[in-house]
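Okay, here's what each chain looks like letter by letter:
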Amino acid sequence: MIITGVLAILVGWLMIQSMQSRRWVRIILAIVGTWLLAAGMTTVVQARF
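Predicted model, so just to flag it, every value in this text is computed and none were measured.

**Student:** For the overall build of the protein, give the residues involved together with the corresponding values.
**Tutor:** The helix and strand tally for the protein stands at 2 helices and 0 strands. Counting only residues that meet the buried cut, the protein has 22% of its 49 residues in that class. A sequence separation of at least 24 residues applies to 58% of the contacts in the protein between residues at least 6 apart. Summed over all atoms, the accessible surface of the protein reaches about 3900 Å², with 72% contributed by carbon and sulfur.

**Student:** Go over a nonpolar patch on the surface, please, and point to the residues and values.
**Tutor:** On the surface, Ile3, Leu7, Leu10, Trp13 and Leu14 cluster together into a nonpolar patch covering about 550 Å² of accessible area. Positionally, Leu7 belongs in helix α1 (residues 2–17).

**Student:** An account of the environment of Val45 is needed here, citing residue identities and associated values.
**Tutor:** As for its position among the elements, Val45 is in helix α2 (residues 23–48). Look at Val45 and you get partly exposed, because its relative accessible area is 47%. Sequence separation of Val45 and Ile2 is 43 residues, and the distance between their C-alpha atoms is 8.4 Å.

**Student:** Describe the packing of α1 against α2, with residues and values.
**Tutor:** One way to put it is that α1 packs onto α2 with a least axis distance of 7 Å and a crossing angle of 160 degrees. Judged on the interaxial angle alone, α2 and α1 are roughly antiparallel. In terms of crossing hand, the pair formed by α1 and α2 is left-handed. Looking at the contact of α1 with α2, its residues break down into 16 nonpolar, 6 polar and 1 charged.

Reading the values: the criteria
Residues numbered from 1 in each chain as written. Predicted model: local features only at pLDDT ≥ 70, side-chain atom pairs only at ≥ 80, totals over all residues. Heavy atoms only, no water. Helix = DSSP H or I, 4+ residues; strand = E, 2+ residues; numbered from the N terminus. Buried < 20%, exposed > 50% of the residue type's maximum accessible area, 1.4 Å probe, protein only. Contact = heavy atoms within 4.5 Å. Areas by Shrake-Rupley, 256 points an atom, 1.4 Å probe, with all protein chains shown as cover. Patch = residues over 30% accessible without salt bridge, like charges linked within 9 Å, V, L, I, M, F, W, Y side chains within 5 Å. Salt bridge = Lys/Arg side-chain N within 4 Å of Asp/Glu carboxyl O. Axes fitted to C-alpha atoms, helices over the stretch in contact; angles between N-to-C directions. Parallel < 35°, antiparallel > 145°, perpendicular 65-115°, else oblique. Left-handed = near helix turned anticlockwise from the far one by under 90°. Nonpolar A, V, L, I, M, F, W, Y, C, P; charged D, E, K, R; others polar.

Here's what the structure looks like:
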């Protein structure tokens, strides 16, 4: 579970940081990346406790 959470955090962070040419693509990637980042952090915290 911890590995899955860490991978979700990494993918979420990369999606937030990615630069696309279209504004709406950046907004969608930022939203999905933020969701994956939060889900990954939740997974890591739940696996630890």
